[in-house]
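Each chain, written out:
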Amino acid sequence: MQSVESVPQPEPLQVQKLIEQLPDVHWYQRTGKTVKSCFQQANLFGFLNPLRITPLQIVDQAAIEWLYRMRDSELRKSPCFDSQGSVATILCDGLSPNPNIIEVCKNNDIALLKTSLGSAAVLDCLQGQLPRLLSPRCNKHGVFLAVMNTGVLITGASGVGKSEVALDLVQRGHQLVADDAVEIYRRDGAELVGECSPTLKGYVEIRGLGIINIDKMFGPASVLDYYRLQLIINLKDATNKEIRSLDRLQPSLNMVEILGIKVPRLSMLVAPGRNLAVLIEAATRDFLLRKSGIDSSLDFVKSHDRIMGIEEIG
Amino acid sequence: MIEAEVPVVNKLGLHARAASKLVKLTAGFESSIKLIRKNQEVDAKSIMGILMLAATQGTQIRVITDGPDERDAMDAISEMFEQCFGEDE
C-alpha cells in the first residue's frame, strides 16, 4: 500500500449544494453553476454590493428597498445580476423578490431564494458548511467505526474480514460510520473526518448474508454520520512465518499520510484463534493511553531494567 | 500495472445486480483492481465500493489492475462492461 499520497485538488464548489444546507428556504430559481474552490470564505459571499460583487450575495432589508426602486432596465444592467460574476441571490428575513428581480435572475441563470433566517444567521450557516464542502477529499477502502470515542479505520485486503469484525464491534456497542468505502476530508486544516456516502449509510456487506441494515438491526444509536479519524488498523492475513518474526515488545506502528495529515497505522495479523474485535478494542485502549503519554511497552521494559539493575541509557 | 477507460454502456448503469456480478468476477483475480470515477477511487472487489460510485449509463470509469494476472483481469472486466453484465441492453 502506498503510504504517502499527493493532496488532490478540490473539486469546484457546487453552489446549489451549499445553499441547500440553509433551513426554511423557498426557491424561485435554481442553478447548476459552480465556483472555483480557490475562492476563500471571505470573497465567496457577502451583502449585495454593486461595487464589490461576490458569487453569493445576501439581500437584507436595506438592499431589497434599493432593488425595489430600480427600474427593469437598470436591474438588467446592474453588475449585481451579471451572469458571469453572480451565482446566487439569497433574500433574508423572509423578504420577497418582485417580478423584475425574478426575471433578471432567470435570464442570467442566477439562483434566487428566500429564507426566514436573518442575514447574520445565513452568514453563520454558510460559513459553517463551507469547510466540509471545500476541503480536499479522498476515498479509502476500509471499514470506519467509532470505537470508544476514537475514529478507527480498519483496512486490509478484500476478504480479510473487515466487515465481519465491524459487525462484531457494533454488537459490542461501538458505532459504525461506513463499510468498505469511506469518504475522508480535512477539517480545520488539522484533522481528518470520515463519513459515509449517503447511498450506503447504515449498510454492511457480509459474505453469505448479503447486505444487512445495521441501522434497523441494532438501532439508530449504532450508526454515526461522520467521525474524526484518529487511528488506522491494517488487517493482514498472516502466514506462520510472519507471526514468528514479529517484534514481541512493540506494536507494529507506523505513520501514514492522508490528505497531508499523519495518522498512526497499526498492523494487526489475522490468524485463527485471534479474536479481532477484542484485539481492536485493546489496540484502541492502548492508543488512548499512548495519547495521554502512557506507553505500556516502554514502561514495562524500564521497570524490568530497573529490577535487573541496568542503568537507563540516554 | 494496466490502466484503461471503460464506459458504462448498459441502460441501468452499474446497479446492484451488475455490481454483484462484477465483484464475483474481480474476486477471482489475484491482482488488485481499482475503479475510479472523477476523484472517487474504490476497490473493485468490494460491492459497497462499486455501489458508492452510482455510475449511470454513459459514465466513464477508469480501471486499474495491478498484479500477476492484471492483463486477464482487465480483459475480463472490459468484456463484462461491453456485454452489459449479461443484460439485454
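See above for the structure.
Conventions used here
Residues numbered from 1 in each chain as written. Chains lettered and ligands numbered in written order. Predicted model: local features only at pLDDT ≥ 70, side-chain atom pairs only at ≥ 80, totals over all residues. Heavy atoms only, no water. Helix = DSSP H or I, 4+ residues; strand = E, 2+ residues; numbered from the N terminus. Rg over C-alpha atoms; globule rule 2.2 N^0.38 Å. Buried < 20%, exposed > 50% of the residue type's maximum accessible area, 1.4 Å probe, protein only. Contact = heavy atoms within 4.5 Å. Areas by Shrake-Rupley, 256 points an atom, 1.4 Å probe, with all protein chains shown as cover. Lys, Arg positive; Asp, Glu negative; His and termini not counted. Charge placed at Lys NZ, Arg CZ, Asp CG, Glu CD. Pairing = 2+ DSSP bridges. Axes fitted to C-alpha atoms, helices over the stretch in contact; angles between N-to-C directions. Parallel < 35°, antiparallel > 145°, perpendicular 65-115°, else oblique. Nonpolar A, V, L, I, M, F, W, Y, C, P; charged D, E, K, R; others polar. Left-handed = near helix turned anticlockwise from the far one by under 90°. Buried area = accessible area lost by both parts, 1.4 Å probe. Salt bridge = Lys/Arg side-chain N within 4 Å of Asp/Glu carboxyl O. Polar contact = N/O pair within 3.5 Å; in protein donor to acceptor, adjacent residues only side chain to side chain.

Asks: Could you give an account of the overall build of chain B, naming the residues involved and the relevant values?
Replies: Looking only at helices and strands, one finds three helices and four strands in chain B. Counted from the first residue to the last, chain B has its helices and strands arranged as β-α-β-β-α-β-α. For a compact globule of 89 residues, the expected C-alpha radius of gyration is about 12 Å, and chain B comes in at 11 Å, within 12% of that figure. Considering only C-alpha atoms, chain B reaches an extent of 35 × 25 × 20 Å along its principal axes. Burial analysis of chain B (89 residues in total) assigns 49% to the buried set.

Asks: Would you mind going over the overall build of chain A in detail, with residue names and values included?
Replies: Looking only at helices and strands, one finds 11 helices and 19 strands in chain A. On C-alpha atoms alone, chain A measures out to a radius of gyration of 26 Å, which is more than a quarter above the 20 Å that the 2.2 N^0.38 rule sets for 314 residues. Referenced to the eigenvectors of the C-alpha coordinate spread, the extents of chain A come out at roughly 90 × 55 × 30 Å. Sorting the 314 residues of chain A into buried and exposed places 45% on the buried side. Long-range contacts, defined as pairs at least 24 residues apart, comprise 67% of the intrachain contacts of chain A with a sequence gap of at least 6. Working note: accessible area of chain A is about 16300 Å², and carbon and sulfur atoms make up 51% of it. For chain A, the centre of its 34 positive side-chain charges and the centre of its 35 negative side-chain charges are spaced 2 Å apart.

Asks: Which residues make up the sheet that holds strand S12 (residues 181-187) of chain A, and what are the values?
Replies: Residue and element names in this part refer to chain A. Strand order in the open sheet formed by four strands is S8-S12-S13-S16, and the pairing between neighbours is antiparallel. Each edge of the sheet is formed by a strand with only one pairing partner; in this case those strands are strand S8 (137-141) and strand S16 (226-229). Here the strands of the sheet are splayed against their neighbours by 35 degrees on average, with no regard to which way each runs. Taken together, the six bridges between S12 and strand S13 (residues 191-196) define a ladder with antiparallel strand orientation. Paired with Glu 183 across the strands is Glu 195, a residue of S13.

Asks: For the packing of helix H7 (residues 162-171) of chain A against helix H10 (residues 276-291) of chain A, give the residues involved together with the corresponding values.
Replies: All names here are of chain A. In contact at an axis separation of 9 Å, H7 and H10 are set at 70 degrees when each is read in the N-to-C sense. Viewed along their axes, H7 and H10 adopt a mutual orientation that is roughly perpendicular. On the side of H7, the interface is formed by Val 165, Asp 168 and Leu 169, while H10 contributes Leu 276, Ala 277, Ile 280 and Glu 281. The residue makeup of the contact of H7 with H10, split by class, is five nonpolar, no polar and two charged.

Asks: Before we move on, can you summarise the packing of helix H1 (residues 16-26) of chain B against helix H3 (residues 70-82) of chain B with the specific residues and values?
Replies: Residues and elements named next belong to chain B. Their axes nearest at 10 Å, the elements H1 and H3 cross at an angle of 160 degrees. One element, H1, and the other, H3, form an angle in the roughly antiparallel class. H3 is crossed by H1, and the crossing has right-handed handedness. Contacts between H1 and H3 involve Lys 21, Leu 22, Leu 25 and Thr 26 from the former and Ala 76, Ile 77, Met 80 and Phe 81 from the latter. Residue composition of the contact of H1 with H3, grouped by class: six nonpolar, one polar and one charged.

Asks: Got a sec to walk through the environment of A:Leu176? Specific residues and values, please.
Replies: Mapped onto the elements of the fold, A:Leu176 is located in strand S11 (residues 175-178). Ignoring any residue separated from it by four or fewer positions in sequence, one finds A:Leu176 in contact with A:Val143, A:Phe144, A:Leu145, A:Ala166, A:Val170, A:Tyr203, A:Val204, A:Ile214, A:Ser222, A:Val223 and A:Leu224.

Asks: For the interface of chain A and chain B, give the residues involved together with the corresponding values.
Replies: On the side of chain B, 13 residues touch chain A, which itself brings 16 residues to the contact. Interface of chain A and chain B: buried area, both sides summed, is about 1200 Å²; carbon and sulfur atoms make up 62% of it. Between chain A and chain B we count zero salt bridges in total. Here chain A is connected to chain B by three residue pairs in polar contact (both at pLDDT 80 or more). Of all the secondary-structure elements, those providing two or more residues to the side of chain A that touches chain B are S8, S12 and strand S14 (203-206) of chain A. Considering each element in turn, the side of chain A that touches chain B owes the most residues, three residues, to S14(A).

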